[in-house]
Amino acid sequence: MKKTIAVLEGDGIGPEIVGEGIKVLKAVEHQYGHTFHLNYAPFGAQAYFTHGSPFPKQTQLICDHADAIIKGPVGLAVEKMNTIPQQFRPEIGAILPLRKRYDTFANFRPVRLPKSLAAFSPLRENVIGNGVDILMVRELVGGIYFGEKIEGPAVNMQYAQDNCVYTAKEVHRVAVVAFEEARKRNSQITNVHKANVLATSRFWNAIVEEVAQDFPDVPYRSVLVDNAAFQLVKNPTQFNGVMLLENMQGDVLTDQAGGILGSLGLMPSACLGPDKGYVEAAHGSAPDIAGQNIANPYAMIGSVAFLLDKCFGLTQEAHAVWNALFTIFERGYLTLELATNASDSEKVLSTTAFGDMVVDILVGK
Ligand code: IPM
Ligand code: MN
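Cut-off values and rules
- Residues numbered from 1 in each chain as written.
- Chains lettered and ligands numbered in written order.
- Predicted model: local features only at pLDDT ≥ 70, side-chain atom pairs only at ≥ 80, totals over all residues.
- Heavy atoms only, no water.
- Near = heavy atom within 4 Å.
- Polar contact = N/O pair within 3.5 Å; in protein donor to acceptor, adjacent residues only side chain to side chain.
- Areas by Shrake-Rupley, 256 points an atom, 1.4 Å probe, with all protein chains shown as cover.
- Helix = DSSP H or I, 4+ residues; strand = E, 2+ residues; numbered from the N terminus.
- Nonpolar A, V, L, I, M, F, W, Y, C, P; charged D, E, K, R; others polar.
- Domains from an automatic or database assignment.
- Salt bridge = Lys/Arg side-chain N within 4 Å of Asp/Glu carboxyl O.
- Buried < 20%, exposed > 50% of the residue type's maximum accessible area, 1.4 Å probe, protein only.
- Contact = heavy atoms within 4.5 Å.
- Buried area = accessible area lost by both parts, 1.4 Å probe.
- Axes fitted to C-alpha atoms, helices over the stretch in contact; angles between N-to-C directions.
- Parallel < 35°, antiparallel > 145°, perpendicular 65-115°, else oblique.
- Left-handed = near helix turned anticlockwise from the far one by under 90°.
- Core = buried A, V, L, I, M, F, W, Y, C linked by side-chain atoms within 4.5 Å.
- Pairing = 2+ DSSP bridges.
- Phe/Tyr/Trp six-rings, centres within 6.5 Å; stacked < 30°, edge-to-face > 60°.

**Student:** Where do I start with the site of ligand 1 in this structure?
**Tutor:** In the region of ligand 1, the neighbouring residues are Glu91, Ile95, Arg99, Arg109, Arg138, Tyr145 and Asp251. One nitrogen or oxygen atom from the side chain of Asp251 is found 2.9 Å from an oxygen atom belonging to ligand 1. In isolation ligand 1 offers 320 Å² of accessible surface; the protein chains occlude 76% of this area. For the shell around ligand 1, the leading source of residues is helix α5 (residues 90–101), giving three residues. Looking at side-chain class alone, the shell around ligand 1 contains two nonpolar, no polar and five charged residues. Each of two domains, domain 1 (1–104 + 273–365) and domain 2 (131–255), supplies a minimum of three residues to the shell around ligand 1.

Okay, structure coming up:
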């Protein structure tokens, strides 16, 4: 298979962890006889300083011509960020426009903690039970993130407003993707909402329930978002399967799910649109530890596995990468942020050593 991939390294630890993702991608390319053409392009806060925009025109064109996009986390230290005008900050000026440009409506965030890795979690082992295996599917291009905003001097700072809008089409398409995933996994689906208060949630539920009729084989239930937050800590395994969430609620609960894993470094992510997708680690750019070779590249490498699977349909290759990632932990190795006691220290891997080990396992060493 021949594919072109845009590579946006981003800020902070971005270039380091993206580097490990690319290392693994090249190993897959070599081992399975594919050709991945990589086009690097500036994106994020640093890109604003060097190119005047966090998502420069040339980057947009490179992404337009790519089959898929690998994106590192973005954002610099607070003092540096404060010097960037609001509309050029990477969230508003780069990430949201990237999502809109490619209409990446379905965001996959897997929350996987096998029983063998229960010790990573701040939750007790008996709470993790036989393991957590949830795929959170978050709607990514609608809702309050993209509704009309009123803010600033024009209203004399007397009020501000964020509109939450969902169209039937927007809800329907992400619900179908989530139900299809649940069917593939032979699992239940849990729909998350706030229908006791929000009109958009009541509308969301009505559409999701319609879609549920087309998937009679998929056990369906729904839960209020506040209760879901509580239950995710108290008894996360009850959600094993797929969880479907709208944009804002999904933003909050996917980070909370990272808490179950013990580290956001364990949460990869794929953002899929009708024509192409991009993958990213769900965590931030951690400028405080940038350049030290200690960041956990798991989420980025897992995101590359997602790219192989969801963007290119290379399921076997993706499976091999997931398997290598879990094998590292099963052999007792970990990354610095996961180490909790002194005896862990000799098994702590640097960023580059982690990527090397994934490659070694892939090539059967
Ligand atoms: C995420 C991030 C983004 C979001 C920010 C950086 C715009 O928190 O991907 O979860 O809120 O969606
Ligand atoms: Mn978030």
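**Student:** What is the right way to look at the pattern of salt bridges in this model?
**Tutor:** Pairing is possible between side chains that carry opposite charge, provided their charged atoms lie close to one another. The full count for this structure, using the stated rule, is 15 salt bridges. Arg101 is paired through a salt bridge with Asp64; the nearest N and O atoms lie 2.8 Å apart. On the criterion of sequence distance, the pair formed by Arg101 in helix α5 and Asp64 in helix α3 (residues 57–65) is long-range, its members being 37 residues apart. Since its relative accessible area comes to 34%, Arg101 is described here as partly exposed. Residue class for Asp64 comes out partly exposed when judged on its relative accessible area of 30%.

**Student:** Quick question: what am I supposed to make of the side chain of Gln60 here?
**Tutor:** With respect to the helices and strands, Gln60 occurs in helix α3. When sequence neighbours within four positions are dropped, the list of residues in contact with Gln60 reads Phe55, Arg101 and Tyr102.

**Student:** Sorry if this is basic, but what is going on with the domain arrangement of the protein here?
**Tutor:** As a measure of interface size, the accessible area lost when the parts come together is often cited. On domain assignment, one finds that the protein holds domain 1 (1–104 + 273–365) and domain 2 (131–255). Placing a centre on the C-alpha atoms of domain 1 and another on those of domain 2 gives a separation of 25 Å. Each partner contributes to the interface: domain 1 provides seven residues, whereas domain 2 provides eight residues. Buried area between domain 1 and domain 2, both sides added, is near 790 Å², and the carbon and sulfur share of it is 54%. It is Leu96, Arg99 and Lys100 that lose the most area in domain 1 upon contact with domain 2, and together they represent 51% of the buried surface on that side.

**Student:** In this structure, what is going on with the packing of helix α7 (residues 168–185) against helix α8 (residues 199–213)? I would like to understand it.
**Tutor:** Packed helices, taken two at a time, are described by the angle their axes make and the gap between the axes. The contact between α7 and α8 brings their axes to 9 Å, and the two run at 45°. Put simply, α7 runs oblique to α8. The way α7 lies across α8 gives a crossing that is right-handed. Within the contact between the two elements, α7 uses Ala168, Val171, His172, Val174, Ala175, Val176 and Phe179 and α8 uses Phe203, Trp204, Ile207, Val208, Val211 and Ala212.

**Student:** Explain the environment of Ile134 here, please?
**Tutor:** Position of Ile134 relative to the elements: it lies in strand β5 (residues 131–139). Classification of Ile134 as buried rests on a relative accessible area of 0%. Sequence spacing of Ile134 and Arg112 is 22 residues, and the spatial spacing of their C-alpha atoms is 6.4 Å. When near neighbours in sequence (up to four residues on either side) are disregarded, Ile134 contacts Arg109, Pro110, Val111, Leu232, Pro236, Phe239, Asn240, Gly241 and Met243.

**Student:** Looking at this model, I keep getting lost on the nonpolar core. Mind explaining?
**Tutor:** Taken as a class, soluble globular proteins show a tendency for nonpolar side chains to be buried jointly. Within the largest apolar cluster, 99 residues are counted, with the highest numbers of intra-cluster contacts made by Leu25 and Ile70. Setting aside residues up to four positions removed in sequence, Leu25 forms contacts with Ile5, Phe36, Leu38, Ile70, Val304, Leu307 and Leu308. Counting 16 residues, the second-largest nonpolar core is a separate cluster that includes Leu8, Ile95, Tyr102 and Leu140.

**Student:** Whenever I open this one, the pairing of strand β10 (residues 241–245) confuses me. Can you help?
**Tutor:** Each regular strand carries side chains that alternate between the two faces of the sheet. Burial analysis of β10 places five of its five residues in the buried class, which makes it a mostly covered element. Here five bridges tie β5 to β10, and the two strands are oriented parallel to one another. Of the residues in β10, the one forming a bridge with Val137 is Leu244. The sheet contact formed by strand β8 (residues 189–193) and β10 spans three bridges and is parallel. Of the residues in β10, the one forming a bridge with Thr190 is Met243.

**Student:** Just to check I follow, could you spell out the pairing of strand β4 (residues 106–114) for this structure?
**Tutor:** Of all nine residues in β4, seven are buried, a share of seventy percent or more. Bridge count for β4 against strand β11 (residues 268–272) is three bridges, and the pairing is antiparallel. Along β11, the bridge assignment pairs Ala106 with Leu272.

**Student:** For this particular structure, what's the right way to read the packing of aromatic side chains?
**Tutor:** To describe a pair of aromatic rings, you give the distance between the ring centres and the angle between the ring planes. This structure, assessed with the given rule, holds 13 aromatic pairs. Relative to Phe55, the ring of Phe43 has its centre 5.3 Å away and its plane inclined at 80°; by these criteria the two rings are edge-to-face. You can see Phe43 sitting in the loop between β2 (35–40) and α2 (45–51) and its partner Phe55 sitting in the loop between α2 and α3, a full twelve residues away along the chain. By relative accessible area, Phe43 is classed as buried at 2%. Here Phe55 falls in the buried class, since its relative accessible area comes to 3%. For the ring pair Tyr298 and Phe326, a centre distance of 6.1 Å and an interplane angle of 85° mean the geometry is edge-to-face.

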